[in-house]
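As a plain string of letters, each chain reads:
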Amino acid sequence: GTTRLPTGKKMLLRRSLFRGPLPLLKRARVLSKSFSSALPATEGKKKSKGTDTTVAGTGFRSSAAKEVNLEPVDVAFDEIASAYHRIRGDILRTTCDRSHHLSKALGMDLYVKREYQHESGSFKERGACNALHRLSDEQKKRGVIAASAGNHALALARHGKRMGIPVTVVMPTVAPMTKVMNCREYGAKVVIAGKHIVEAKGHAEQLVDKEGLTYINGYDHPDIIAGAGTVGWEALEQVPDMDAIVVPVGGAGLIAGIAVVMKTLKPDVQVIGVEPKLCASYTAAIEAGEVVDGVTGATLADGLAVPRVGDNAFKTARHRVDKMICVDEGSIALAVLRLCEVEKCVVEGGGATGLAALLENECPELKGKKVVLPLCGGNIDITVLGRVIERGLAADGRLIRFVSTVSDRPGGINGVTKILSEQGASIKEIFHERAWLQSNVYNVQIKCVIEVTDREHGIRVHQELINQGYPTLMMNESEAGSEFSAQSQQKLGQIRPQGLRI
């Protein structure tokens, strides 16, 4: 049987974590040895004959050894403790401070951990750095490869350059040019191949065999999961009395690592995952009881658009994550807007999904509690940011559109614009419609987009237009074609990959 650490000794170790000026660091090795016998041994790791290559699940592949289909790995706490000790000199310790404005608005003590502060712009640096350190000398000499459209590619490129390890990244044609250019600036070899990440992954696998490279999965390799788990380790040092942590979920590597840390060191911490409704791959896996292929729609949280969660990540996370939430696109856009306005920071859609769930009051049980929110990435294109902000303003009721019927006589539109001016509304767009109006030929319709201070201000403007004799229809998403939008989303930008491993 498995030797278990006595309960009293476990509690003593947990209490000792937060003593002294350098909590956890001086005790990492002690914890690793103490907990290694109490936690399940890592499964699925195997030494190949004639090589020191480690093959784990589907996250790692090298031409030096034939890939073996093994059981998924349940990443253990001691691996995360070792990763924290291994990478601490190479990785920025990101801040985790209390947000006064968001705490007041949400009715909780909210601490934001700013993972976008890393040089490459996301938490992915932690896993990439750990995985590169774990390579053999021969693997480091040959180099590594990954398929990625963004953050994982940047993280590997950055630390590969620092450690002198050749890095090849295969990026799909839809990858943002800024990220392609940044990878090249770090010295990575960038190969553009495939219409989407699935095809890019297929091309990368060909190069593994052709050039003798080691493939590193961006979210499912055990070393990547262990590195990502150090986000939770740091957060516990910074907010030791936290009640919950709300984590964005894509491939599930980040939440898997964080959940292991929380349930080992402070089991009463509630671990909550959040993913976009248009790519709810983790929720689909929970419902099916196993990892399944899902459908991915175009989402503002593009960094989380993973059609299939990682096998290792799912096995590690499924019994440690307490709650999963799915959020819509409007909530994500609003979260990005709130962070820009209140926290003065630019966070990508995927990094803002945790806040989106809180803004939609999906976690009422957290009212009055101490909550940590990792903002896990800030790599968003400026053009996309502009569109996201506009959607956020619309979701917040500050950008509204309406249709009003006015006289086609001179001065007909002037009456409406005068009311808008008097009410303090700013006109963003106005469109004059004559041909399709089914009423008096001496009337016309105008379609306006206006900016107001808040939702209540918009209601007052609407009422004043009606009071002044201008029939007006305020158009929100449901009134302006949500059914058409849903049908369009099903037909555009969706893929259903088979057996995807990114």
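1. A few points about the overall build of the protein chain
Part 1: What the protein chain contains, in helices and strands, is 19 helices and 17 strands.
Part 2: Every one of the 502 residues in the protein chain was classed for burial, and the buried ones make up 53%.
Part 3: Sequence-distant contacts in the protein chain: of pairs separated by 6 or more residues, those separated by 24 or more amount to 73%.
Part 4: Approximately 22300 Å² of the protein chain is accessible, and the part contributed by carbon and sulfur atoms is 50%.

2. Section: the state of the cysteines
Part 1: What the rule picks out here adds up to zero disulfides.
Part 2: Counting only cysteine sulfurs, Cys340 is the nearest neighbor of Cys345, a cysteine outside any disulfide, at a range of 6.9 Å.

3. A word on the sheet that holds strand S13 (residues 370-375)
Part 1: Strand order across the open sheet formed by six strands is S4-S5-S13-S10-S11-S12, with mixed pairing between neighbours. The open sheet is flanked by strand S4 (96-98) and strand S12 (323-327), the only strands paired with a single partner. Between one strand and the next, the sheet's axes are offset by a mean angle of 25°, whatever the strand orientation.
Part 2: As defined by bridge partners, strand S10 (residues 244-248) adjoins strand S11 (residues 270-276) across five bridges and the pair is classed as parallel. From the neighbouring strand, Val247 faces S11, where its bridge partner is Gly273.
Part 3: Sitting on the sheet, helix H10 (residues 222-238) is in contact with S4, strand S5 (109-114) and S13, with an inclination near 135° to S5.

4. So, the pattern of salt bridges
Part 1: Evaluation of the coordinates by the stated rule reveals 27 salt bridges.
Part 2: In this structure, Arg158 and Glu119 form a salt bridge, with 3.5 Å as the shortest nitrogen-oxygen distance. Placement of the pair is Arg158 in helix H7 (residues 151-163) and Glu119 in the loop between S5 and helix H5 (124-133), with a sequence separation of 39 residues.
Part 3: For Glu119, a relative accessible area of 52% translates into the label exposed.
Part 4: A salt bridge links Arg338 to Glu341; its shortest N-O distance comes to 4.0 Å. Highlighted residues: Arg338 and Glu341, both in helix H14 (residues 329-343), separated by three residues, approximately one helical turn.

5. Comments concerning the nonpolar core
Part 1: Counting 44 residues, the largest nonpolar core has Met242, Ile245, Leu254, Ile255, Met262, Tyr282 and Val372 as its most contacted members.
Part 2: For this core, the leading source of residues is helix H11 (residues 253-265), giving nine residues.
Part 3: In contact with Ile245, not counting residues within four places along its chain, are Ile258, Met262, Val269, Gln270, Val271, Ile272, Val372 and Pro374.
Part 4: Counting 36 residues, the second largest nonpolar core, distinct from the first, contains Leu110, Val274, Leu304 and Ile332.

6. Some details on the pairing of strand S14 (residues 399-407)
Residues in a regular strand project their side chains so that they alternate between the two faces of the sheet.
Part 1: Strand direction decides the pairing type here: S14 and strand S16 (residues 443-451), joined by nine bridges, are antiparallel. Of the residues in S16, the one forming a bridge with Ile400 is Ile450.
Part 2: Of the strand pairs in this sheet, S14 and strand S17 (residues 472-475) are connected by four bridges, and their pairing is antiparallel. The partner of Phe402 across the bridge, within S17, is Met474.

7. Things to note about the confidence of the model for the protein chain
Part 1: Here the protein chain shows a mean pLDDT of 82. Residues at 70 or above account for 80%.
Part 2: Note that residues 25-59 has pLDDT below 50 and, in this model, 99 contacts with residues that lie over four places away or in other chains.
Part 3: Of the regions scoring below 50 in pLDDT, residues 477-485 engages in five contacts with residues more than four places distant in sequence or in other chains.

8. As for the pairing of S5
Part 1: With respect to burial, S5 is a largely interior element, five of its six residues being buried.
Part 2: Here S4 pairs with S5 via three bridges, running antiparallel. Looking across to S5, one finds that Cys96 is bridged to Lys113.
Part 3: The pairing of S5 with S13 spans six bridges and is parallel. Looking across to S13, one finds that Arg114 is bridged to Leu375.

9. Here's the deal with the environment of Ala193
Part 1: By the element assignment, Ala193 lies in the loop between strand S8 (189-192) and helix H9 (197-211).
Part 2: In this structure Ala193 comes out as buried when scored by relative accessible area, which is 13%.
Part 3: Each C-alpha atom of the pair Ala193 and His203 lies 6.9 Å from the other, and the pair is 10 residues apart in sequence.

10. Here we look at the environment of Asp137
Part 1: Along the chain, Asp137 falls in helix H6 (residues 137-142).
Part 2: Separated by 28 residues in the primary sequence, Asp137 and Ile165 have C-alpha atoms spaced 9.9 Å apart.

11. Digging into the packing of H5 against H7
Part 1: Between H5 and H7, whose axes approach to 8 Å, the crossing angle comes to 45°. It follows that H5 is oblique to H7 by the angle criterion. Taken as a pair, H5 and H7 cross one another with a handedness that is right-handed. Residue-level contacts link Lys124, Glu125, Ala128, Cys129, Leu132 and His133 of H5 to Asn151, His152, Ala155, Leu156, Arg158, His159, Gly160, Arg162 and Met163 of H7.
Part 2: Here the contact of H5 with H7 is built from residues that sort into six nonpolar, five polar and four charged.

12. Regarding the sheet that holds S14
Part 1: Taking strand neighbours across the sheet as the criterion, the four strands line up as S15-S16-S14-S17 in an open arrangement whose pairing is antiparallel. The sheet is open, and its two borders are formed by strand S15 (426-433) and S17, each paired with just one other strand. Across the sheet, the axes of successive neighbouring strands diverge by a mean angle of 20°, strand direction being ignored.
Part 2: Running over the sheet, helix H17 (residues 412-422) touches S14, S15 and S16 and is turned about 145° from S14.

13. Regarding unusual backbone geometry
Part 1: In this structure, Ala252 takes a positive phi of about 85° despite not being glycine.
Part 2: Following the sequence through the fold, Ala252 ends up in the loop between S10 and H11.
Part 3: Among the residues examined, Ala252 registers a relative accessible area of 2% and is labelled buried.
Part 4: A positive phi angle, near 55°, is found at Asn361, a position not held by glycine.
Part 5: Along the chain, the position of Asn361 falls in the loop between helix H15 (353-359) and S13.
Part 6: Overall, Asn361 belongs to the partly exposed group, its relative accessible area being 44%.

Calculation criteria
- Residues numbered from 1 in each chain as written.
- Predicted model: local features only at pLDDT ≥ 70, side-chain atom pairs only at ≥ 80, totals over all residues.
- Heavy atoms only, no water.
- Helix = DSSP H or I, 4+ residues; strand = E, 2+ residues; numbered from the N terminus.
- Buried < 20%, exposed > 50% of the residue type's maximum accessible area, 1.4 Å probe, protein only.
- Contact = heavy atoms within 4.5 Å.
- Areas by Shrake-Rupley, 256 points an atom, 1.4 Å probe, with all protein chains shown as cover.
- Disulfide = S-S within 2.5 Å.
- Pairing = 2+ DSSP bridges.
- Axes fitted to C-alpha atoms, helices over the stretch in contact; angles between N-to-C directions.
- Salt bridge = Lys/Arg side-chain N within 4 Å of Asp/Glu carboxyl O.
- Core = buried A, V, L, I, M, F, W, Y, C linked by side-chain atoms within 4.5 Å.
- pLDDT = per-residue confidence, 0-100.
- Parallel < 35°, antiparallel > 145°, perpendicular 65-115°, else oblique.
- Left-handed = near helix turned anticlockwise from the far one by under 90°.
- Nonpolar A, V, L, I, M, F, W, Y, C, P; charged D, E, K, R; others polar.

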